[in-house]
Amino acid sequence: MTQRVLTEGHGTSAVVGSGLQVNIHASGVPAPRPAADQPAAAADRPSPVWNLRPRDPNFAGRGSELAELRTRLSSGGAAGVQAVHGLGGVGKTQLALEYAHRHRADYDVVWWISAEQSGAIGEQFSTLGTALGVLDAQVDSVIAQSKVKEYLRRRDRWLLIFDNAEEPEALRPWLPDGAGHVLVTSRTTSWGQLARTLQLDVLPRAEAVELLTLRLARISATEAGQLAEDLGDLPLALAQAASYLAEFGMSVADYRQVLREETRAVLDEGQPAGYPHSLAAAATLSTTALSARDPAALAVLHLCAFLAPEPVPTDLVVTIARHADLQLGVLAPLAQIIDKPLQRQRAISAVGASGLARVELGTITVHRLVQAVVRDQIDPAVAAELRVRIEAALSTVDPGNPRDTASWPQWSMILPHLLAADPARTDNPDLRLRARDAIVYLLCRGDSRPAQQLADNLYQEWKKRHGPDHVDTLRAATELVWAYRDLGQFDRLRPLIDDTLTRQINILGHDHPDTLRTASDLAVVHGELGNYQRAHEIDEDVYRRRVRLLGEDHPDTLRTASNLAVGHSRLGNYQRAREIDEDVYRRQVRLLGEDHPDTLQTASNLAVGHSRLGNYQRAREIDEDVYRRRVRLLGEDHPDTLASATNSVTTLADAGELRRALEVAEDVYQRAVRVLGADHPNTLSAANNLSNVLVEAREFRRAFELAEDVYRRRLRVLGEGHPDTLRGMVNLAHAMVLRGQLMSARRLAESAHQKLRANLGGQHPYTGEARTVLDQIAAVMGGRRSTDKARRRR
């Protein structure tokens, strides 16, 4: 069973108007059409009244959205009016065009109306009336409106598409009654009173890759995926890139490099056929119009351009604006209204209405390419000052204790923007503190790899900028140690932690909280490396110092006490380990709550203690409770949840529920391989448990193969003297006995027993396990010798 010590750390169409409403076909070639959707004979038959431009032969994807539109429109009633809204360039117009072409056999009238300028709708209605035969010639808009609506009211096989509509109330007078269908595309979201709405997002990555691979014959799927990532899966940007690459023959690698270095220039190149503007030009037109209409809205856009292309909470916009000097012209219009909620929200909504952002309940999101175009419009000196204000504001945002799961939703929202501020290069010490807390959040959430990458980036950059002895450099090193431990990268642990602790002792002293954190982590490292006695000695020293400095109930003290219990257990003192765990658990429940990660870790360790003392039922009850809580709080694939599941295998087997134990062991092992990797120590523990259960289930061949694999991996990862490696030798020897390989089993068991005795002592339970296997081998071999003598006598 696995016990864990607690690591430290700190705490649009041809008639579309200007602006970014320009859209692009989703991808590729037409998707296969069910016969019921479009009969073959009807597919090429033009509708009697039809004014759509030709279908894009490269349209692909958006299958679920097209199906959803068809279902909604076909249901009749109020659902017959549908509004598709989303960011500019996301493909709203192309979706509507593809829908009309795909279902043309279902309509007798299909008419496209450019609705960006509501004053131009009347003329288009007049043209429709002439095509319908209800008007002899062009007439004024009032007569055209009346005649066309009267004609359509009496019929049901018609589809009107109002493209790029801005205001619902301006469109309302033009909507016919009756059983036909109306489809609206719009940048704005305020269509709830007039229509059912469908929000169109950027393409799923697979469809973005498909778009590129179909348009560019020689691009690989890997290159397409990388380019789609850089372009944020925005359909217009993808089509524009494909157009440029096809025309000029630039390599994907070169295009991506230029995109990083000269984003605005690249986004001005490669205009897809049928589109009036490049992405950069369209964005520029929209920002210019926004500036004239609402300077405060433009300030919101400028602010968001320097944050992450993820949802920005309105509260963060408020915080940043309040940090702005009214003399900083770029944010001054927003700062003047920031404490006026109605005006503030009106400005945010105006950014969404411009098609430059997606505004949802409490957040605003600007696409990364739009951000790049907007940043290019700002004077460098002003941009630098804006970054400083954003850093200052972010440093004051405290999502809460990163170890506490209750704070994780807030951390999830703020983390992308914190990283976008580039804390590795900031001169703001409070922002550096937030960055270190972000590492702890990622580690506690189970995202060890991103945490390691962030910690390494901060450590290397701060060491270069501030020196190896700077407090922030040393703290970043502490978090990096934690990340290496969670990733099982023990070869990188010792040099880093030894250097960090030495510097902290010299600079801060033995009793400084940072020094004690690192010392505690050194004990963790020694424990993971199999140096149980040294780990225990360090924990005892840290515990005494923390009791004196912080008191017995401080969370750091309790964490060290829990680690002390693990140390006792590793040294074979199971009774003492359980006593400490019970005391620590009661204190943590009272001070931190039952669901706190530290409390759950102590409870998990307590379950192991009960199991080792033979209290199998109590161990199972605790394990099941901890597992349920961890699934609810962390998810099934979190490393802590997997550790609970691994421990439950032993308790299930001890309780005699062999079939259930085998099911859980198989599942946990496969998930551990996927989440942690085949060589991670926790994965090897899961594999070892599975091997033991397979023995109980009398699946000896697979048990042997798995035990042999675990031993060889531990030998390579942990070394030949590590207690886990030696226990792996014992398990392999046991499996060999069951396969009749007695001589090999004896040699292996004798070697393991000798090394365990030297490392842990003759009385340690692990040494006893090896002795038991040796006794079993001797008994089997003795029985065989007796049988051989009897045979010879016969």
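### Let's talk about the overall build of the chain
Across its full length, the chain holds 36 helices and nine strands. Each principal axis of the C-alpha atoms in the chain carries an extent, and together these give about 120 × 75 × 50 Å. Here the chain, with 794 residues, has 55% of them falling under the buried criterion. Accessible surface for the chain amounts to roughly 32,900 Å². Of this, 48% is attributable to carbon and sulfur atoms. In the chain, 96 side chains carry a positive charge and 101 a negative one; their mean positions are 6 Å apart.

### What about the packing of aromatic side chains?
By convention here, two paired aromatic rings are described through the distance between centres and the angle between planes. What the rule picks out here adds up to five aromatic pairs. Counting every residue linked through ring pairs, the aromatic cluster contains Tyr244, Phe248 and Tyr255. Sitting above the plane of the Phe704 ring, Arg739 keeps its charged end 4.4 Å from the centroid.

### Some points on unusual backbone geometry
Although it is not a glycine, Arg62 adopts a positive phi angle of roughly 60°. Position of Arg62 relative to the elements: it lies in the loop between β1 (49-50) and α2 (63-74). Here Arg62 falls in the buried class, since its relative accessible area comes to 2%. At Arg698, a residue that is not glycine, the phi angle is positive and equals roughly 65°. Relative to the elements of secondary structure, Arg698 occurs in the loop between α32 (681-696) and α33 (700-717).

### Notes on the pairing of strand β5 (residues 181-186)
The buried count for β5 comes to six of six residues, which makes it a mostly enclosed element. Because side chains alternate across β5, one face comprises the buried residues His181, Leu183 and Thr185, and the other comprises Val182, Val184 and Ser186, equally buried. As defined by bridge partners, strand β2 (residues 81-86) adjoins β5 across five bridges and the pair is classed as parallel. Paired with His85 across the strands is Ser186, a residue of β5. As paired elements, strand β4 (residues 158-165) and β5 share five bridges and run parallel to each other. Paired with Leu159 across the two strands is His181, which belongs to β5.

### With respect to the sheet that holds strand β3 (residues 109-114)
Ordered in space as β1-β3-β4-β5-β2-β6, the six strands form an open sheet in which the pairing is parallel. The sheet is open, and its two borders are formed by β1 and β6 (196-200), each paired with just one other strand. Alignment of β3 against β4, held across six bridges, turns out to be parallel. For Val110, the partnering residue across the bridge sits in β4 and is Leu159. Packed on one face of the sheet, α2 meets β2, β5 and β6 and runs near 175° to β6.

### Details of the sheet that holds strand β8 (residues 358-360)
Taken in spatial order, the three strands line up as β7-β9-β8 in an open sheet, and their pairing is antiparallel. With partners counted over all chains shown, the strands left at the sheet margins are β7 (312-313) and β8, one partner each. Examined bridge by bridge, β8 and strand β9 (residues 363-365) share three bridges and lie antiparallel to one another. Bridging across to β9, Val359 finds its partner in Ile364.

### Digging into helix α22 (residues 471-487)
Look at α22: 25 Å from first C-alpha to last across 17 residues, which is about the 24 Å you get at 1.5 Å a residue. Looking one or two residues beyond α22, the residue adopting positive phi is Gly488, at roughly 75°.

### Quick notes on the environment of Asp640
Structurally, Asp640 can be placed in helix α30 (residues 639-654). Between the C-alpha atom of Asp640 and that of Arg630, which follows or precedes it by 10 residues, the distance is 7.3 Å.

### Details of empty space enclosed by the protein
The computed volume of the largest cavity comes to approximately 60 Å³. Lining the largest cavity are 10 residues, with Pro639, Leu642, Ala643, Thr646 and Asn682 sitting closest to its centre. Of all the secondary structure elements, the ones that give two or more residues to the lining of the largest cavity are α30, α31 (658-676) and α32. It is α30 that provides the largest number of residues to the lining of the largest cavity, a total of four residues. Taken together, the residues of the lining of the largest cavity break down into six nonpolar, four polar and no charged.

Cut-offs used in this document
- Residues numbered from 1 in each chain as written.
- Predicted model: local features only at pLDDT ≥ 70, side-chain atom pairs only at ≥ 80, totals over all residues.
- Heavy atoms only, no water.
- Helix = DSSP H or I, 4+ residues; strand = E, 2+ residues; numbered from the N terminus.
- Buried < 20%, exposed > 50% of the residue type's maximum accessible area, 1.4 Å probe, protein only.
- Areas by Shrake-Rupley, 256 points an atom, 1.4 Å probe, with all protein chains shown as cover.
- Lys, Arg positive; Asp, Glu negative; His and termini not counted.
- Charge placed at Lys NZ, Arg CZ, Asp CG, Glu CD.
- Phe/Tyr/Trp six-rings, centres within 6.5 Å; stacked < 30°, edge-to-face > 60°.
- Lys NZ or Arg CZ within 6 Å of the ring centre and 35° of its normal.
- Pairing = 2+ DSSP bridges.
- Contact = heavy atoms within 4.5 Å.
- Axes fitted to C-alpha atoms, helices over the stretch in contact; angles between N-to-C directions.
- Expected span 1.5 Å × (residues − 1).
- 1 Å grid on protein atoms, 1.4 Å probe; cavity = no way out; pocket = protein on both sides within 12 Å on 5 of 7 lines; lining within 4 Å.
- Points joined across faces, edges and corners; volume = space filled by probe spheres on them.
- Nonpolar A, V, L, I, M, F, W, Y, C, P; charged D, E, K, R; others polar.

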